Amino acid sequence: MIALYICRRSEGVKLSSKRLNAIVNMVPKSQTVADIGCDHGKIAVELIESGIAENVICTDISENSLDKAKKLAAAKGLCDSVTFRHGDGMHVIRAGEADTAVIAGMGGELIASILQSGETRVPDTLVLSCNTASRLLREWLCDNVFVIVDEQLVLEGRHFYPVILATRGNCESLSDIELEFGPVLLRTKPKTLKAYVNRRIELTKNIRKKLRKASKSNKDALIKEIDAQSKKYEEVRKCL
Ligand SMILES: C[S@@+](CC[C@H](N)C(=O)[O-])C[C@H]1O[C@@H](n2cnc3c(N)ncnc32)[C@H](O)[C@@H]1O
């Protein structure tokens with residue numbers, strides 16, 4: 001089962017954004033996908049046009065955003081296979097209605113809170129892509145009995161976006177480094193991971209410089225913490 005998921009679609013889809021392509025390519029063949037926070041609706045359209053999903057339920061908390069998706073689906077003639085629901089997170093999806101949920105383009109905290117409050121409505125397969133706090137999202141998955149079976153790290157512009165495929169199952173506990181950088185990414189070692197680790201090292205150096213100039217009473221303790229983090233990241237870089 002895991003091998004099947006890790007075998008990525010070779011032909012790929014052709015959206016203008018690398019991030020959106022990676023998200024769509026990560027979705028396994030599904031009867032019904034719930035695209036939570038669909039906004040523009042491009043993910044739904046591509047899922048249907050590429051034959052990955054039979055149906056997509058597009059949801060959004062913002063009516064204006066949902067209207068964009070409605071317009072795009074109508075322009076593409078896909079109104080039979082894409083439906084639209086206005087509301088918060090998983091609350092507009094019934095339990096068992098979707099086999100896969102895509103939640104992308106939000107912070108990791110928001111995605112985790114959508115999953116947390118969705119309870120029984122959360123399907124067994126999730127494709128998640130956060131802008132921030134990927135560690136927190138991996139922690140949520142592990143604590144809630146989801147296994148990360150595939151991951152990609154997309155660099156678009158200056159931003160890094162993890163794209164995670166998780167399925168329900170017993171998660172072996174993840175190490176500190178695995179939570180931080182992703183268990184699959186650490187195994188597959190994509191070029192973007194090295195660039196991401198370099199970015200993190202750069203950031204710790206900048207913070208260290210600022211701390212040295214600052215007049216905080218606890219600055220020595222903070223510098224020690226930053227140095228420990230830097231050392232940890234350097235160790236990861238050596239393995240890539
Ligand atoms: C930046 S857009 C991302 C659009 C698309 N998923 C992507 O990855 O490009 C985030 C969308 O999530 C919606 N959103 C935020 N919180 C939400 C929630 N709790 N439930 C449903 N949609 C939400 C916003 O209204 C917005 O349209």
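Rules of the game
- Residues numbered from 1 in each chain as written.
- Predicted model: local features only at pLDDT ≥ 70, side-chain atom pairs only at ≥ 80, totals over all residues.
- Heavy atoms only, no water.
- Phe/Tyr/Trp six-rings, centres within 6.5 Å; stacked < 30°, edge-to-face > 60°.
- Helix = DSSP H or I, 4+ residues; strand = E, 2+ residues; numbered from the N terminus.
- Buried < 20%, exposed > 50% of the residue type's maximum accessible area, 1.4 Å probe, protein only.
- Lys NZ or Arg CZ within 6 Å of the ring centre and 35° of its normal.
- Core = buried A, V, L, I, M, F, W, Y, C linked by side-chain atoms within 4.5 Å.
- Contact = heavy atoms within 4.5 Å.
- 1 Å grid on protein atoms, 1.4 Å probe; cavity = no way out; pocket = protein on both sides within 12 Å on 5 of 7 lines; lining within 4 Å.
- Points joined across faces, edges and corners; volume = space filled by probe spheres on them.
- Domains from an automatic or database assignment.
- Pairing = 2+ DSSP bridges.
- Axes fitted to C-alpha atoms, helices over the stretch in contact; angles between N-to-C directions.
- Buried area = accessible area lost by both parts, 1.4 Å probe.
- Salt bridge = Lys/Arg side-chain N within 4 Å of Asp/Glu carboxyl O.
- Nonpolar A, V, L, I, M, F, W, Y, C, P; charged D, E, K, R; others polar.
- Near = heavy atom within 4 Å.
- Polar contact = N/O pair within 3.5 Å; in protein donor to acceptor, adjacent residues only side chain to side chain.
- Areas by Shrake-Rupley, 256 points an atom, 1.4 Å probe, with all protein chains shown as cover.

Caption draft 1: Spotlight on the packing of aromatic side chains. Scanning all chains against the criterion turns up four aromatic pairs. Taking the centre distance of 5.5 Å and the plane angle of 85 degrees together, the rings of Phe181 and Tyr233 count as edge-to-face. Within this pair, whereas Phe181 is found in helix H7 (residues 176–181), its partner Tyr233 is found in helix H10 (residues 219–238), the two being separated by 52 residues in sequence. Of the two residues, Phe181 and Tyr233, neither departs from the other in class, the shared state being buried. The ring of Tyr161 carries the charged tip of Arg19 above its face, separated from the ring centre by 5.6 Å.

Caption draft 2: Layout of the nonpolar core. Residues Ile23, Leu47, Val56, Cys58, Val102 and Val127 are the most contacted members of the largest nonpolar core, which totals 31 residues. Residue assignment for this core shows that the elements contributing at least two residues are helix H2 (18–26), helix H3 (42–49), strand S2 (53–60), helix H4 (63–75), strand S4 (100–106), strand S6 (146–156) and strand S7 (159–168). Excluding its chain neighbours within four sequence positions, the residues that come into contact with Val127 are Ile23, Met26, Val27, Pro28, Thr100, Ala101, Val102, Ile103, Val163, Ile164 and Leu165. Among the nonpolar cores identified, the runner-up in size contains 26 residues, and Ala101, Leu115, Trp140 and Leu141 belong to it.

Caption draft 3: Seen up close, the layout of surface pockets. Here the largest pocket defines a volume of roughly 310 Å³. Around the largest pocket, the lining comprises 20 residues; the ones closest to its centre are Asn131, Thr132, Ser134, Phe160 and Tyr196. Residue assignment for the lining of the largest pocket shows that the elements contributing at least two residues are helix H6 (134–143), S7, H7 and helix H9 (191–213). Each of domain 1 (2–178) and domain 2 (194–238) contributes no fewer than three residues to the lining of the largest pocket.

Caption draft 4: The arrangement of the sheet that holds strand S1 (residues 30–36) in detail. Across the sheet, which stays open at both edges, the seven strands sit in the order S3-S2-S1-S4-S5-S7-S6 with mixed pairing between neighbours. Edge positions in the sheet fall to strand S3 (82–86) and S6, since each has one partner strand and no second. Recorded for the sheet is a direction-independent mean angle of 15 degrees between the axes of neighbouring strands. Pairing of strand S5 (residues 125–130) with S7 involves four bridges; the strand directions are antiparallel. Among the inter-strand pairings, Val127 is bridged to a residue of S7, identified as Leu165.

Caption draft 5: Molecular detail of the domain arrangement of the chain. By the assigned domains, the chain splits into domain 1 (2–178) and domain 2 (194–238). Distance from the C-alpha centre of domain 1 to the C-alpha centre of domain 2: 33 Å. Domain 1 puts five residues into the contact, and the matching count from domain 2 is five residues. When domain 1 packs against domain 2, close to 560 Å² is buried across both sides, 62% of that on carbon and sulfur atoms. Its largest share of buried area at the contact with domain 2, domain 1 owes to Arg158, Phe160 and Ile177, together 72% of the area lost on that side. Across the contact surface, domain 1 and domain 2 share one salt bridge. Here Asp176 and Lys232 are joined by a salt bridge, their closest N and O atoms 2.8 Å apart. Looking at the side of domain 1 that touches domain 2, its residues break down into three nonpolar, no polar and two charged.

Caption draft 6: Highlighting the pattern of salt bridges. Counted under the stated rule, the structure contains 14 salt bridges. Its salt-bridge partner being Glu235, residue Lys238 comes within 3.1 Å of it at the nearest N-O pair. Remark: Glu235 and Lys238 occur in helix H10; sequence separation between them is three residues, near one turn of the helix. Through salt bridges that share partners, Arg135, Glu139, Asp176, Glu180, Arg200 and Lys232 make up one connected network.

Caption draft 7: Region of the structure containing the site of the ligand. Around the ligand sit 18 residues in total, of which Arg19, His40, Asp60, Asp88 and Gly89 are the nearest. Take Gly37: an N or O atom from its main chain is 2.8 Å from a nitrogen atom of the ligand. Ile61 is positioned such that a nitrogen or oxygen atom in its backbone is 3.2 Å from a nitrogen atom of the ligand. When the ligand is considered free in solution it has 600 Å² of accessible area, and contact with the protein chains removes 82% of it. Counting residues per element, the shell around the ligand draws most heavily on S4, which supplies three residues.

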